[in-house]
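Spelled out, the chains give:
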Amino acid sequence: MAGVIADQEPGLTGLLPALAPCSQLLYLDLSGHALSGPLPALPQTLQFLNLSSNGLSQRLPQLASSPSLQYIDLSFNRFSGELEDMSRLPALDWLDLSDNELSGPLPAFPAAVRWIDLSNNRLAGALELPAPAADSERLLVLLNLASNKLSGSLPASVTSFAPHLSFLDLSHNSLSGSLDAFAAALAPTNQLLQVNLSHNKLTGEVPGRMAILAAVRPVMVTMKDGHTPVHRILDLSNNELQGVFPSWIITNLPLLAVSCKCSIGISLDASRLTCPAAVRHASRKTQDLLRGFDHLQCVSEANGNKQQVRIMLLCVLGVGGIYCWCCLWLVHGACSDGLST
């Protein structure tokens, strides 16, 4: 393999030379230097390109002139302008253009790409993931579009056309509307282990179907490379979601905590969500497991007093159909103190 790798010390500076004449070049890694100026046209043979963490700027060249590209990492530079149609790179597996100054709409992507990170740019417009060709399957595992200027609704295509998607970060955009279409398209076999939709303008209630998200249910997900992720994340905070706090979060968490050797992060806006009418869990073990989620709260209106209550302090005892909200610890199967209804 003909390739170029340069150690980061003492560090390269200045402009890149002409690269297109290097007709045998397959591998180019000049990451972590102080290179500046534009990225010149690339050789047609190039398969691996890593120029991350430099000071490169201006518009990107026509990447499709190198149709064999499989890996592109141009993150942490100052590239600007709109992106070309990335679906013209059929072999592309990894695309990281994060932390640049790219603008315009999202481009089309090839079905084979597994990793897309375009976070921390200025991309705008609607979010849409076109269906792959009838004879192909979208292999996308990670989609990170955080900290851009995307707007419009959260479409069903994000889940329906990406059955292997495990990591989804759309935080810090301007997405609006309900979660209904996104939730309705979730398959029972979805692999969405980390979902961050925080800091948008999403409205409506949290759909009950989101209880089947892999992030919040006791399911073991193993990636195609054999790796088992150790973090589960569902972040819906800093939106305009309202309604009842999802009771399935309360019931799923203990099961997930017992079965999954992983860290679990769940975040919602407490002040906008009212407490569910009844949650059936009465074991001390369940309460102990929920202790680690004392940041999760809902608004209780028991006895006419409106106050935020931590879900770890909610217990429900069913005796002849009568329920009680417990605002202190559950001790030996009975409420040590509470507000009866």
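All figures in this text were calculated on a predicted structure; none of them were measured in a lab. (Residues numbered from 1 in each chain as written. Predicted model: local features only at pLDDT ≥ 70, side-chain atom pairs only at ≥ 80, totals over all residues. Heavy atoms only, no water.)

Participant: Would you mind showing me how to read the overall build of the chain here?
Facilitator: Summing up its helical and strand segments, the chain has four helices and 29 strands in all. In the chain, which comprises 341 residues, the proportion classed as buried is 48%. Relative to all contacts within the chain whose residues are 6 or more apart in sequence, the contacts with residues 24 or more apart total 51%. Split by element, the accessible area of the chain, about 15300 Å² in all, is 53% carbon and sulfur. (Helix = DSSP H or I, 4+ residues; strand = E, 2+ residues; numbered from the N terminus. Buried < 20%, exposed > 50% of the residue type's maximum accessible area, 1.4 Å probe, protein only. Contact = heavy atoms within 4.5 Å. Areas by Shrake-Rupley, 256 points an atom, 1.4 Å probe, with all protein chains shown as cover.)

Participant: Could you clarify how one ought to interpret the pairing of strand E8 (residues 78-81) in this entry?
Facilitator: A regular strand places its side chains so that they alternate between the two faces of the sheet. Across the two faces of E8 the burial differs, with Phe-79 and Gly-81 buried and Arg-78 and Ser-80 not buried at all. Bridge analysis of strand E6 (residues 55-59) against E8 gives three bridges, and the strand direction is parallel. Bridge assignment links Gln-58 to a residue of E8, and that residue is Phe-79. Bridge analysis of E8 against strand E10 (residues 101-104) gives two bridges, and the strand direction is parallel. Note that in E10 the partner of Ser-80 across the bridge is Glu-101. (Pairing = 2+ DSSP bridges.)

Participant: What am I meant to see in the confidence of the model for the chain here?
Facilitator: When pLDDT drops low, the exact placement of atoms in the prediction is not to be read closely. Averaged over every residue, the pLDDT of the chain is 83; residues scoring 70 or more account for 80%. When the criterion is pLDDT under 50, residues 315-341 qualifies, and its contacts beyond four places in sequence or with other chains add up to 64 contacts. (pLDDT = per-residue confidence, 0-100.)

Participant: Help me out: how do you make sense of the state of the cysteines in this one?
Facilitator: Here, the word disulfide means a covalent bond between the sulfur atoms of two cysteines. Here the structure, examined in full by the defined rule, presents one disulfide. Here Cys-275 pairs with Cys-298 through a disulfide, and the sulfurs are 2.2 Å apart. Torsion about the S-S bond of the Cys-275 and Cys-298 cystine: about 90 degrees, corresponding to right-handed handedness. Here Cys-298 lies in strand E24 (residues 297-300) and Cys-275 lies in the loop between strand E23 (273-274) and helix H4 (284-290), a separation of 23 residues in the sequence. Owing to a relative accessible area of 13%, Cys-275 belongs among the buried residues under this scheme. (Disulfide = S-S within 2.5 Å.)

Participant: Hey, could you run me through empty space enclosed by the protein in this one?
Facilitator: Empty pockets left among the atoms are what a rolling probe the size of a water molecule brings to light. In total, this model carries two cavities of 30 Å³ or more according to the counting rule given. Each pocket or cavity is described by its volume, and for the largest cavity that value is around 50 Å³. In this structure, the second largest cavity occupies an estimated 30 Å³ of space. In terms of lining, the second largest cavity is formed by Val-206, Leu-236, Leu-241, Leu-268, Asp-269 and Leu-273. (1 Å grid on protein atoms, 1.4 Å probe; cavity = no way out; pocket = protein on both sides within 12 Å on 5 of 7 lines; lining within 4 Å. Points joined across faces, edges and corners; volume = space filled by probe spheres on them.)

Participant: What's the story with the packing of aromatic side chains in this structure? I'm lost.
Facilitator: Centre distance and the angle of the planes are the two values used to describe a pair of aromatic rings. A complete count under the given rule lists four aromatic pairs for this structure. Ring geometry for Tyr-27 against Phe-48: centres 4.2 Å apart, planes inclined by 5 degrees, an arrangement best described as stacked. One end of the pair, Tyr-27, is in strand E3 (residues 27-29); the other, Phe-48, is in strand E5 (residues 48-50), and 21 residues separate them in sequence. The partly exposed category is assigned to Tyr-27, whose relative accessible area is 22%. With a centroid separation of 4.2 Å and an interplanar angle of 5 degrees, the aromatic rings of Trp-94 and Trp-115 are classed as stacked. Residue Trp-94 is located in strand E9 (residues 94-96), and its partner Trp-115 is located in strand E11 (residues 115-117); the two are separated by 21 residues in the primary sequence. In this structure Trp-115 comes out as partly exposed when scored by relative accessible area, which is 26%. (Phe/Tyr/Trp six-rings, centres within 6.5 Å; stacked < 30°, edge-to-face > 60°.)

Participant: Would you mind showing me how to read the environment of Pro-254 here?
Facilitator: In this structure, Pro-254 sits in helix H3 (residues 247-259). For Pro-254, a relative accessible area of 10% gives the class buried.

Participant: Looking at this structure, how should I read unusual backbone geometry?
Facilitator: Trans is the prevailing form of peptide bonds, just as negative phi is the prevailing case for residues other than glycine. At Asp-99, a residue that is not glycine, the phi angle is positive and equals roughly 55 degrees. Judged by relative accessible area, Asp-99 falls into the partly exposed class, the value being 25%. A positive phi angle, near 60 degrees, is found at Ser-147, a position not held by glycine. For Ser-147, a relative accessible area of 27% puts it in the partly exposed group.

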